Amino acid sequence: MKLSKETRVCLLLGAALLLTILLPPGFSALGDQRLIGRLVTQPLNERSAEQAPASLVDKLNLIASYNNQQSESVVMASQRQTPEDKSYSAEPFLFALEGLKRLRENEAFPQVNLDTGYQCAEYKLHTYMDMAQPAMSAQVWELPLYTESFNAYVWMDAESHQIYQFYLGSGRQEPEAIDQESFIRAWGDYLGLTLLELTIKDAGTARAVYQAGEKTVAYVIAFGEGRSLEVNLDDEQ
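Only a predicted model underlies this, so the values are computations on that prediction, with no experimental measurement involved.

### Regarding the sheet that holds strand β5 (residues 163-169)
Across the sheet, nine strands lie side by side as β1-β2-β3-β4-β5-β9-β8-β7-β6; this open sheet has antiparallel pairing. The open sheet has two free edges, formed respectively by β1 (74-81) and β6 (194-202), since each of these has just one partner strand. The sheet shows a mean angle of 20° between the axes of neighbouring strands, direction not considered. With eight bridges joining them, strand β7 (residues 205-212) and strand β8 (residues 215-223) adopt antiparallel strand pairing. Looking at the pairing, A208 lines up with Y219 of β8. Against the sheet, helix α2 (residues 56-67) contacts β1, β2 (123-130), β3 (133-146), β4 (151-157), β5, β7, β8 and β9 (228-234), and its axis sits at roughly 55° relative to β8. Sheet strands touched by helix α4 (residues 180-191): β5, β6, β7, β8 and β9. Its angle to β8, the strand with the most contacts, is close to 140°.

Okay, structure coming up:
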């Protein structure tokens, strides 16, 4: 049976189209097999938590580097959530209040009444990342706590619920007097860090450098004459 010219052309075009579809995946699979055949695997040495890419001190310095704009490679993305959102959750606020109670027990927070209601307000989830070291990242909730007794902002690790920074405004409830040096040491104890260096910048402001192993992290702590208290990460340098 002799095929017409038109039929032969259609068959050739069909075959060419089929090869166009099938050949690239085939070559890709073949290339993958050749590459895998040359790979050499080696188990990583065990590393302690302190040596891990995203230790506590690494996270703190990552946030400080972004806050002080010390590195162009460190970026931050924020997600907002409001009480009107269907996905809104009060849990971060509950975690923050529990964290503040732990701070208060450790004398790293003034003796204010924390068993009071708070207004549901918009909060944010910040994701910090060093583009030069993708494994170096941290997720932090920024939570406003508006109550009848005080106003506060809390920056808290989204996974461990450990508080990294906070601002406290007394509002109607004036905190008791704070022994500054005792507070600064208590803050380090809460984070599991050792106070290495303390510099009094003025009557109400101090800079503290804490240490964990061979790594250090710095904080600036502002005592607002009994009306406010602010604990902020500072660039290590």
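Resuming the write-up.
### Side note on unusual backbone geometry
Here E107, not a glycine, exhibits a phi torsion of approximately 60°, which is positive. Tracing the chain through its elements places E107 in the loop between α3 (91-105) and β2. Its identity is not glycine, yet H161 carries a phi of approximately 65°, on the positive side.

### Considerations on the pattern of salt bridges
Enumeration according to the criterion identifies seven salt bridges in this entry. Residue D58 is joined to K215 by a salt bridge in which the shortest nitrogen-to-oxygen separation is 3.0 Å. Of this pair, D58 sits in helix α2 while K215 sits in strand β8, and the two are 157 residues apart along the sequence. The residue R185 makes a salt bridge to E181 at a minimum N-O spacing of 3.4 Å. Separated by four residues within a single helix, R185 and E181 lie in helix α4, roughly one turn from each other. For E181, a relative accessible area of 42% translates into the label partly exposed. Put simply, E98, K101 and D115 are held in one network by salt bridges that share partners.

### Re α2
For α2, built from 12 residues, the straight-helix expectation of 16 Å at 1.5 Å per residue is met to within 8% by its first-to-last C-alpha distance of 17 Å. Taking burial as the measure, the 12 residues of α2 include nine buried ones, the bulk of the element. For α2, every residue scored as buried is listed here: V57, D58, K59, L60, N61, L62, I63, A64 and S65. Q69 sits one or two positions beyond α2 and adopts a positive phi of about 55°.

### Re the nonpolar core
Residues F166, W187, Y210 and Y219 are the most contacted members of the largest nonpolar core, which totals 54 residues. Apart from the residues within four sequence positions on either side, F166 is in contact with L103, A108, F109, Y153, V154, W155, F183, W187, L229, E230 and V231.

### As for the environment of L114
With respect to the helices and strands, L114 occurs in the loop between α3 and β2. A sequence separation of 35 residues divides L114 from S149, and the C-alpha atoms of the two residues are 8.6 Å apart. The residues touching L114, leaving out its near neighbours within four places in the chain, are L97, L100, K101, R104, F109 and F150.

Analysis parameters
- Residues numbered from 1 in each chain as written.
- Predicted model: local features only at pLDDT ≥ 70, side-chain atom pairs only at ≥ 80, totals over all residues.
- Heavy atoms only, no water.
- Pairing = 2+ DSSP bridges.
- Helix = DSSP H or I, 4+ residues; strand = E, 2+ residues; numbered from the N terminus.
- Axes fitted to C-alpha atoms, helices over the stretch in contact; angles between N-to-C directions.
- Contact = heavy atoms within 4.5 Å.
- Salt bridge = Lys/Arg side-chain N within 4 Å of Asp/Glu carboxyl O.
- Buried < 20%, exposed > 50% of the residue type's maximum accessible area, 1.4 Å probe, protein only.
- Expected span 1.5 Å × (residues − 1).
- Core = buried A, V, L, I, M, F, W, Y, C linked by side-chain atoms within 4.5 Å.

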